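# Architecture at a glance
Listed here are the chains, written in short residue letters.
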Amino acid sequence: APLAPLPEASRRFLQAVCNQLASLAHAVLVADNEARRMQQLSILANLGRELNLSSTLRSVLQAAIRTIRRHCDVACVILRPLHGGTVLGRGQVRTTPAWKPLRAIFLELEEEQARRALAGKAPLFRLGPGRSAAESSPLPQTMVTIPLYFQDRPMGSLTLFGDDLGEVLPVSADRESK
C-alpha cells in the first residue's frame, strides 16, 4: 500500500525541527572552531613570550620546543635550523620518554620531509606514518613539517609527530597519506 502524504501541518512542524537541528549543529561547529582558535592564539602568545626572553639561537629553539610540548600532545618535536640557505643544521629534538627509543627513526623521517617542505615552501602533513623499520612498534598517526621563513628567506623547519595535531596547529595545508 502506498504511503499517505504528510499533512501540511506535520510537514511544517518537521521542517521547523530540521531547521532548528541545522541551526544547533552550526552553532556547535562555530563554538568548536572558536575554542580551537583560542587555543591556537594562546599557544602563539606563550611562544611569543618565551621567544622574547631568549637571547641565543639555542635558547630560541629550546623555548619553542618547550612551549610546543607544554601545549600540544606530541610524541616528538624537531626544530631544525637551515645554514647557508641550503644545508640542514643539527636539529633540536625532544621526545616523550615512551617514544625515546624511536628518536633515530623520527630524525630520519623528519630530514626527508623537511627538505621537501622547504623546497615546496609549504607545510607537509603525513597521515599514518606507519611502523618503524627498526622496531615493530607503530609510529604516531600524524607527522607535520612546517618550513620556517623570515622575510622570504628559509630559516629552518619545525616537525611534530603526534596522534591529533590538526586540533592544535594553526596551519592549513595539503594533506598527504603515506
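Report follows, based on the coordinates. Please read these numbers as outputs of a predicted model, since none were measured by experiment.

What counts, and where the lines are drawn
Residues numbered from 1 in each chain as written. Predicted model: local features only at pLDDT ≥ 70, side-chain atom pairs only at ≥ 80, totals over all residues. Heavy atoms only, no water. Helix = DSSP H or I, 4+ residues; strand = E, 2+ residues; numbered from the N terminus. Buried < 20%, exposed > 50% of the residue type's maximum accessible area, 1.4 Å probe, protein only. Contact = heavy atoms within 4.5 Å. Pairing = 2+ DSSP bridges.

## A word on the overall build of the chain
Of regular secondary structure, the chain possesses three helices and seven strands. For the chain, the N- to C-terminal ordering of α and β elements is α-α-β-β-β-α-β-β-β-β. Within the chain, the proportion of its 178 residues that are buried is 35%. Long-range pairs, those at least 24 residues apart, make up 53% of the contacts in the chain between residues at least 6 apart in sequence.

## Re the pairing of strand S5 (residues 142-150)
By the bridge criterion, four bridges tie strand S4 (residues 124-127) to S5 in an arrangement that is antiparallel. In the strand pairing of S5, Leu 124 is matched with Thr 145. Pairing analysis gives nine bridges linking S5 to strand S6 (residues 153-162), with the strands arranged antiparallel. Bridge pairing links Thr 145 to Thr 159 in S6. Hairpin geometry of S5 and S6 is characterised by an intervening segment of two residues between the two adjacent antiparallel strands and by a positive phi of about 50° at Gln 151.

Purely spatial values, then, with no claim about function.
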